[in-house]
Structures are given as C-alpha cells and as structure tokens.
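Coordinate inspection notes
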Amino acid sequence: MNLKWQINPEVLSSKIDEEAILMSFEAESYFGLDPVGSRIWELLSKKPVTADELVVHLMEEYEVNEATCREDVQRFIDDMLAKKLIQQVPVSA
C-alpha cells in the first residue's frame, strides 16, 4: 500500500525567513525546521504527498542526488512521525 503524508491538523506552523516554526499542542512543545525541512513542510501543507513526490520536488529545486534526497526525505518523515507532527494517509490503488 502506498502512503501519503499530511500535516497533523493539531500542529500550528509559521514561517520566519526561510525557517518554519511548528507548535504541537499534543506534544506540548515547539520545533524549528531548517530551510530544506521548511520546504518539505510547505509541500506537505498544500496537500497530502508521497515520499516519491517529495523527492521529485526537492530534486527539481536543489542540487542533490536521488539516493541522498530519498534518505533525507525518509529521515524527515520518520522524525516528524515520531514527534506526531505529520500523519499517514492511505492511498487507494
């Protein structure tokens, strides 16, 4: 089953310069994202997306090879899931 990712609706975010600041009421804490993490967050805020879609967008915008980009995107997803800042959305075939 493919998965799409979306921002947890309980999380508030704001962009300051090139960085996103996230506030999680569930975790009772806030987090800052670097410019690349902020760009991923921005893509997630528009609509649910797959990891593959994120990789395609980021490779178009940044000079990065596919393997590194996939690894970084997966690390971002894993980190955001662990902090309950994003959630999975099942995709029908």
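The structure we're discussing is the one just above.
Bear in mind the structure is a predicted one, so any value in this text is a computation, not a measurement.

1. A look at unusual backbone geometry
Phi is positive for Asp17, close to 55°, though the residue is something other than glycine. Following the sequence through the fold, Asp17 ends up in the loop between β2 (11-16) and β3 (19-24). The backbone of Lys84 sits at a positive phi, close to 60°, despite the residue not being glycine. Mapped onto the elements, Lys84 comes out in the loop between α3 (66-82) and β5 (86-90). Overall, the relative accessible area of 46% leaves Lys84 in the partly exposed class.

2. Let's talk about the pairing of β3
Only one face of β3 is buried: it carries Ala20, Leu22 and Ser24, and the other face, with Glu19, Ile21 and Met23, is open. Inspection of the sheet shows β2 paired to β3 by six bridges, in the antiparallel sense. Paired with Val11 across the strands is Ser24, a residue of β3. Where β2 folds back onto β3 in an antiparallel hairpin, the turn is made up of two residues, including Asp17, whose phi is positive at roughly 55°. Sheet topology places β3 next to strand β4 (residues 29-33); five bridges connect them, and they run antiparallel. Within β4, the position partnered with Ala20 by the bridge is Leu33. Counting the residues in the hairpin turn of β3 and β4 gives four residues, including Glu28, whose phi is positive at 50°.

3. Digging into a negative patch on the surface
A contiguous patch of negative charge, built from Asp17, Glu18, Glu19 and Asp34, is present on the exposed surface. Mapped onto the elements of the fold, Glu19 is located in strand β3.

4. With respect to a nonpolar patch on the surface
On the surface, Leu12, Ile16, Ile21, Met23, Phe25 and Tyr30 cluster together into a nonpolar patch covering about 610 Å² of accessible area. Of all the secondary structure elements, the ones that give two or more residues to the nonpolar patch are β2 and β3. Tracing the backbone through its elements, the reader meets Phe25 in the loop between β3 and β4.

Cut-offs used in this document
- Residues numbered from 1 in each chain as written.
- Predicted model: local features only at pLDDT ≥ 70, side-chain atom pairs only at ≥ 80, totals over all residues.
- Heavy atoms only, no water.
- Helix = DSSP H or I, 4+ residues; strand = E, 2+ residues; numbered from the N terminus.
- Buried < 20%, exposed > 50% of the residue type's maximum accessible area, 1.4 Å probe, protein only.
- Pairing = 2+ DSSP bridges.
- Patch = residues over 30% accessible without salt bridge, like charges linked within 9 Å, V, L, I, M, F, W, Y side chains within 5 Å.
- Areas by Shrake-Rupley, 256 points an atom, 1.4 Å probe, with all protein chains shown as cover.
- Salt bridge = Lys/Arg side-chain N within 4 Å of Asp/Glu carboxyl O.
- Lys, Arg positive; Asp, Glu negative; His and termini not counted.
- Charge placed at Lys NZ, Arg CZ, Asp CG, Glu CD.

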